[in-house]
Amino acid sequence: MILTVTPNPSLDRTYEVPSLDRGEVVRATGERVDPGGKGVNVSRAVTAAGRRTVAVLPLGGPSGALVTELLDAQGIEVAPVPIAGVTRANIALAEADGVLTKINAPGPELSAAERELLLETVRRQSRGADWIACCGSLPRGLAPSWYADLVARAHAAGVRIALDTSGPALLQALRERPDVVKPNAEELAEAVGRPLATVGDAVKAAEELRELGARSVLASLGADGQLLVDDAGTWFGSARVDAVRSNVGAGDASLAGFLVAGGAGPGALASAVAHGAAAVQLPGSVMPTPGDLDPGAVTVTAEVPVDRALKEPAS
């Protein structure tokens, strides 16, 4: 079982538009409403892969109730943490050429009692979990050290933990040695304080995160592929993608693919790449099922192309 923790979940509305013109009326050609948040997406992808998951979520207000309803409809077990505030609603505008514009609301502020209830819910639900995936930004009311505390508690309980966050929350959590961290290129550049122009730059940055405490680093490099750096070595994975429809949740699908394949080694990296590649070819934040995957389009190698320039350099 994979337990996911999303401290700042959302209700996500995705509109497909021909193009985005500021100041003009733009008519959408498609619309989706999905439960959102990185951990929520991981749970959705784990469920789509046919594995059990439980999603721990602080939820409040009509939007929180709709998140629960949508997850229930997808067969995802929810462990709600009731809060006084209202769950945020986010908007994504997906243009026909693949460009995505996201508007993310800040979300509610959690009280001291709600913070403690969230931690207690994670502790209670983690019994028997193979992994805890802690994902996304922290809402107001949670200090940057909150993830570090959660990692320490998970390890004390003997549970492996994967962390997908950024900024001070990521850096502070590294001291507790999370089993996997999953930054994208921008988050990786931010963590080491310098731009990344090549795959080799990303490898060096991932190695630095390991020096700071991460046991392994699964780094998403967008259209360039993914890296896995751990005690056993470094691998680079990429996949053929015919057409990008939406990259909303693609990184979350990748993390789910990595964890359901064991969470270690080149085989898990291949699964991560296959899930991410499938996700970008689906509308909105739809998570891929096994039938959407194309393992034959995936390449994983230990011969990392360190001199290859990134198509999307990170600053």
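Thresholds applied
- Residues numbered from 1 in each chain as written.
- Predicted model: local features only at pLDDT ≥ 70, side-chain atom pairs only at ≥ 80, totals over all residues.
- Heavy atoms only, no water.
- Helix = DSSP H or I, 4+ residues; strand = E, 2+ residues; numbered from the N terminus.
- Rg over C-alpha atoms; globule rule 2.2 N^0.38 Å.
- Buried < 20%, exposed > 50% of the residue type's maximum accessible area, 1.4 Å probe, protein only.
- Contact = heavy atoms within 4.5 Å.
- Areas by Shrake-Rupley, 256 points an atom, 1.4 Å probe, with all protein chains shown as cover.
- Polar contact = N/O pair within 3.5 Å; in protein donor to acceptor, adjacent residues only side chain to side chain.
- Pairing = 2+ DSSP bridges.
- UniProt positions renumbered as here; feature names shortened; annotations may be inferred.
- 1 Å grid on protein atoms, 1.4 Å probe; cavity = no way out; pocket = protein on both sides within 12 Å on 5 of 7 lines; lining within 4 Å.
- Points joined across faces, edges and corners; volume = space filled by probe spheres on them.
- Right-handed = clockwise from strand over helix to strand, strands pointing away.

Draft legend 1. Here's a closer look at the overall build of the protein. Helix and strand counts for the protein stand at nine helices and 16 strands. By the compact-globule yardstick of 20 Å for 315 residues, the protein fits well, its C-alpha radius of gyration being 18 Å. Judged by the C-alpha coordinates and their principal axes, the protein covers about 50 × 50 × 35 Å. For the protein, buried positions account for 53% of its 315 residues. Restricting to contacts in the protein with at least 6 residues of sequence separation, those with at least 24 account for 67%. For the protein, the accessible surface area stands at approximately 13000 Å², while carbon and sulfur atoms represent 51% of it.

Draft legend 2. Here's a closer look at the side chain of Gln226. Note on placement: Gln226 falls in strand 13 (residues 226-230). Within polar-contact distance, the side chain of Gln226 engages the side chain of Ser254 at 3.0 Å. A distance of 3.5 Å separates the side chain of Gln226 from the backbone oxygen of Ala272, its partner in a polar contact. Among all residues touching Gln226, those that are not within four sequence positions of it are Leu218, Ala219, Ser220, Leu221, Trp235, Phe236, Gly237, Ser254, Leu269, Ala272 and Val273.

Draft legend 3. The environment of Gly262, seen in detail. One can find Gly262 in the loop between helix 8 (250-260) and helix 9 (265-279). According to the relative accessible area criterion, Gly262 is partly exposed, its value standing at 34%. C-alpha separation for the pair Gly262 and Asp130, spaced 132 residues apart in sequence, amounts to 9.3 Å. Sequence-distant contacts of Gly262, that is, excluding residues within four places in its chain, are made with Trp131 and Arg160.

Draft legend 4. Quick peek at the pairing of strand 13. By the criterion of burial, strand 13 is predominantly enclosed, with five of the five residues buried. In the sheet, strand 12 (residues 217-220) pairs with strand 13 via four bridges, with the strands oriented antiparallel. Of the residues in strand 13, the one forming a bridge with Ala219 is Leu227. Hairpin connection of strand 12 to strand 13: five residues between the antiparallel strands, including Gly222 at a positive phi of 65 degrees. Bridging between strand 13 and strand 14 (residues 233-239) involves five bridges; their strand directions are antiparallel. Within the sheet, the bridge partner assigned to Gln226 lies in strand 14 and is Gly237. Taking the residues between adjacent antiparallel strands as the criterion, strand 13 and strand 14 are bridged by two residues.

Draft legend 5. Local environment of the UniProt feature "domain: Carbohydrate kinase PfkB" (unreviewed entry) in the protein. The UniProt entry lists residues 16-287 under the feature "domain: Carbohydrate kinase PfkB" (unreviewed entry), expressed in the numbering used here. For residues 16-287, the helix share is 39%, the strand share is 24%, and the end-to-end C-alpha distance is 17 Å.

Draft legend 6. Spatial organisation of the layout of surface pockets. When its volume is computed, the largest pocket comes out at roughly 1300 Å³. Lining the largest pocket are 50 residues, and of these Asn184, Asn247, Gly249, Ala250 and Gly251 lie nearest its centre.

Draft legend 7. Here's a closer look at the pairing of strand 8 (residues 131-135). Among the five residues in strand 8, five count as buried, and that is most of the element. By the alternation rule, side chains of strand 8 split into Trp131, Ala133 and Cys135 and Ile132 and Cys134, which are all buried. Relative to strand 9 (residues 160-164), strand 8 is paired through five bridges, and the arrangement is parallel. Opposite Cys134, over in strand 9, you have Leu163 as the bridge partner. Where the polypeptide runs from strand 8 across helix 4 (residues 146-156) and back to strand 9, its parallel neighbour, the crossover connection is right-handed.

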